[in-house]
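# Notes for the structure review
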Amino acid sequence: MSSIPVPQTVKRQRTTATMPGGAGPSKLPRTPATGRTMPATRSVSAADAGRFVPSRRTATTTTTAASIGLTLPRAPMTNTTNRPGAAATTRSVSAASKVAPTAAVRRGVTSVTRLRPGTNAANAAAAATARTSNGSANSGDVDPSRMDAMESRLASMAELFELERQKTEEKWSKERTDRLAQEDKVRQLEEDLIEQRKIAQSKQDEIKRRRTIADDELLQLTAKFNREKRLLESELEQERETVVALKATLNQQSTSHLTMESTNTALRSQVQLLQDEIQSLRAKLASMDENVAQTKEANLHLENELREAESLRRKLHNEVQELRGNIRVFCRVRPPSNNDAANGTEALATIRFPNEREAAQIELLAAGESATGTVTMRNHLFTFDRVFQPTASQADVFEEIAHLTQSVLDGYNTSIFAYGQTGSGKTHTLEGAPDSITNFGSDPATDAGAGLIPRAVQMLWSTAESLKDKGWKYNFEGSMLEIYLDTINDLLGKTEVDKAKHEIKHDKGRTTVSDTVVVPLDSPAQVFALLEKAKRRRQVAATLMNERSSRSHSVFMLRVRGQNATTMEACDAVLSLVDLAGSERLANSGSDKDPIRLKEAQSINKSLSSLADVISALGQNKTGTNHVPYRNSTLTWLLKNSLGGNSKTLMLLALSPMAAHLNESLCSLRFATKVNSTTIGTAKAVKSIGA
Ligand SMILES: Nc1ncnc2c1ncn2[C@@H]1O[C@H](COP(=O)(O)OP(=O)(O)OP(=O)(O)O)[C@@H](O)[C@H]1O
């Protein structure tokens, strides 16, 4: 720590100034102003007096007295010090000198005489004193002029002394003032020094604090520097690695660039080759365009031929149907079901299917009565257009009837009857398996259980769509009726139970039923919605009016009208899908004990007999002039236009495989054989040209 040096002279001056009067230092005192040693004469005088006398006063006085050769009285100077009052003392001395110089001189002379006894001067002074004490008596001894001269000289010396004293006092006063000023200055300097020291201290503290901060910062900076240095070093290392990698990549790319350049050259030559090839292909294309134009012309020609072939196909198709017979009979045996086991009828009947490749025969082992009346077990063989075993799928059955559906679009009235005892599988075949029954819209392509109705509807719409290319446009509308106790119920009517009386009319080959709902249909989905609605209605009616689904016929009629804008042909036909009531005999149905059941059974029997009679009559009506008993039942009257020469009919016989149902199965088989043996005249399409 640095310090401001204090001047030694100032210290010394201060020490001397504050020195007490009676205990001064052993060294000689110095003048405040010069520091010089006081004159020896003053010291001697002071020592002689045995008291401390300020040297300046003493020196001056002594010098003055010596210069005038007098010994001045010392009493007034005894108390002369540099303390206050010293000046007053001096003044009193001066005043005494001025007031009575003669007396003083006299006393002085006396004193001087006393001081030096035995000396000549002392003797002279003693003589003078004796003269003085003798008074005027001896005044003649002292020269008065000399005394006056001495006195005047003494007075002028006193004045000079006074002047000198005043000057000295002024000088002292000035010196004192200067000294005080010096002391103030010293004090001020000391205070400044203290202040400077404080400032210096605070600055040192500040410097220390800053140095600490600076040291900390330096440490932090050093650490940061080291960190950044390490970071930069690692980055540098990475960069170096990158550079190495880039150099390697560059080398690779240079290599690949060379390879690409050579490839490019090869490609260019290939492009040239291709361009040549394109050139030749363009030439070929031009010639092909010519060919296409020729082919288009040929296609047009072929399309016309195709149209003619389509007409021919329809004609031939119809001829084939004619050859087969317009009434055809299929037989289908269902597989055993869980219900059979539940009803205790699990025993299977013995059923065989001879000549499986033709699939047209069925043989049942059942009791039979011989001509002699003996009842023995024997085989009963039946032949139909097609026989389906229990393993046959819904698709197998539909495949065989698809052409019938096609006939509707060709303008032929077509009807499909499902015939058989209760539980033999009629509804299953027409509508589908139970899970499909609840959803007519199930897609036959993915739903194996879909029945003939959903399959036929899907096919009708898709065929109609494909015939658009040939100029055909079709409209569809449908209705759904139920015949119970020979009465028609509209299953699409406004109320759930139809109480209206319906009248059947036939006009120019068209059948209409009064007060029934006929719904225009634009898509298969609409057909399925309609069938679902009818199905629900039938279930509600069954609940309200006893279980009757097995004892009523349901008839779905789909009317198809087509127009061909190209050929100006038109067609109008109805597809009737009929789920007939159970065909069991009275005794087997238990209806002989229940009047309602009896009535139902009688009604069913009547309608089914009528159907058989109508078919039989049609078979015999080769000329078309015989009476056909359509009116014998509502069923045959309703289906008048779907039976007979102008229509195609399929009887689908459903059979149970169970032994318990063997007799009913035999009855059904005999009925179907009768139908199958009937040949009805040629079917005619309901078609007009130029409509
Ligand atoms: N080919 C078949 N494959 C599997 N199950 C069948 C088949 N045919 C019928 N079934 C089943 O046999 C039972 C009776 O069939 P379905 O109801 O179709 O008889 P139905 O002749 O229509 O009877 P109803 O005259 O009472 O209406 C149903 O559970 C049905 O699912």
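What you are looking at is a predicted structure, and each value in this text was computed from that prediction instead of being measured.

Quick notes on the rules
Residues numbered from 1 in each chain as written. Predicted model: local features only at pLDDT ≥ 70, side-chain atom pairs only at ≥ 80, totals over all residues. Heavy atoms only, no water. Salt bridge = Lys/Arg side-chain N within 4 Å of Asp/Glu carboxyl O. Helix = DSSP H or I, 4+ residues; strand = E, 2+ residues; numbered from the N terminus. Core = buried A, V, L, I, M, F, W, Y, C linked by side-chain atoms within 4.5 Å. Buried < 20%, exposed > 50% of the residue type's maximum accessible area, 1.4 Å probe, protein only. Contact = heavy atoms within 4.5 Å. Pairing = 2+ DSSP bridges. Axes fitted to C-alpha atoms, helices over the stretch in contact; angles between N-to-C directions. Parallel < 35°, antiparallel > 145°, perpendicular 65-115°, else oblique. Left-handed = near helix turned anticlockwise from the far one by under 90°. Nonpolar A, V, L, I, M, F, W, Y, C, P; charged D, E, K, R; others polar. Phe/Tyr/Trp six-rings, centres within 6.5 Å; stacked < 30°, edge-to-face > 60°. Lys NZ or Arg CZ within 6 Å of the ring centre and 35° of its normal. UniProt positions renumbered as here; feature names shortened; annotations may be inferred.

## Quick notes on the pattern of salt bridges
- One pass over the full model with this rule turns up 18 salt bridges.
- Between R165 and E169 there is a salt bridge, with the nearest N and O atoms lying 2.7 Å from each other. Of this pair, R165 and E169 both sit in helix 7 (residues 144-324), four residues apart, which is roughly one turn of that helix.
- A salt bridge links R240 to E237; its shortest N-O distance comes to 3.6 Å.

## Things to note about the nonpolar core
- Counting 50 residues, the largest nonpolar core has I362, F384, L638, M651 and L669 as its most contacted members.
- For this core, the leading source of residues is helix 15 (residues 595-620), giving eight residues.
- In this structure, L669 is in contact with C331, I362, L364, F382, F384, L653 and L655, ignoring residues within four places of it in sequence.
- One finds A464, L492, L531 and C571 within the second-largest nonpolar core, a separate group that totals 43 residues.

## Quick notes on the pairing of strand 4 (residues 375-383)
- Direction of pairing for strand 3 (residues 361-369) relative to strand 4: antiparallel, over a ladder of nine bridges. When the bridges of strand 4 are listed, Q361 appears paired with T383.
- Counting the residues between successive antiparallel strands, the hairpin from strand 3 to strand 4 contains five residues, one of them, G373, with a positive phi of roughly 90 degrees.

## Examining unusual backbone geometry
- For D486, which is not a glycine, the phi torsion comes out positive at approximately 65 degrees.
- Mapped onto the fold, D486 is located in the loop between strand 7 (472-484) and strand 8 (487-490).
- Exposure remark for D486: the relative accessible area of 25% places this residue in the partly exposed category.

## Focus on the packing of helix 9 (residues 394-409) against helix 12 (residues 452-466)
- Where helix 9 meets helix 12, the axes come as close as 9 Å, and the angle between the chain directions of the two elements is 45 degrees. Classed by the angle they form, the pair helix 9 and helix 12 counts as oblique. Helix 9 and helix 12 meet at a crossing whose hand is right-handed. The residues of helix 12 that touch helix 9, namely those facing Q394, A395, V397, F398, I401, A402, T405, Q406 and L409, are L452, R455, A456, M459, L460, T463 and A464.
- Considering only residue class, the contact of helix 9 with helix 12 consists of 11 nonpolar, four polar and one charged.

## Quick word on the packing of aromatic side chains
- Going through the model one piece at a time under the given rule, you end up with five aromatic pairs.
- Between the aromatic rings of F330 and F388, the centroid separation amounts to 5.9 Å while the plane-to-plane angle is 75 degrees, which identifies the pairing as edge-to-face. Of this pair, F330 sits in strand 1 (residues 327-333) while F388 sits in strand 5 (residues 386-388), and the two are 58 residues apart along the sequence.
- In this structure F330 comes out as buried when scored by relative accessible area, which is 1%.
- When the ring of F382 is compared with that of F384, the centres are 6.5 Å apart and the planes differ by 10 degrees; the resulting orientation is stacked. Residues F382 and F384 agree in their burial class; the two are buried.
- Directly above the ring of Y412 sits K648, whose terminal nitrogen or CZ lies 4.1 Å from the centroid.

## Concerning the sheet that holds strand 2 (residues 350-352)
- Read from one edge to the other, the open sheet built from three strands follows the order 2-3-4, with strand pairing classed as antiparallel. At either margin of the open sheet sits one strand with a lone partner, and together these are strand 2 and strand 4. Direction aside, the axes of adjacent strands within the sheet are offset by 30 degrees on average.
- Across the face of the sheet, helix 17 (residues 662-676) comes into contact with strand 3 and strand 4 while running at roughly 120 degrees to strand 3.

## Notes on the UniProt feature "binding site: ATP" (unreviewed entry) in the protein
- UniProt's entry tags G420, Q421, T422, G423, S424, G425, K426 and T427 with the feature "binding site: ATP" (unreviewed entry), counted in the numbering of this structure.
- Along the chain, Q421 turns up in the loop between strand 6 (413-419) and helix 10 (426-430).
- Once residues within four sequence positions are removed from consideration, K426 is found in contact with A418, Y419, G420, Q421, D579, L580, A581, G582 and A654.

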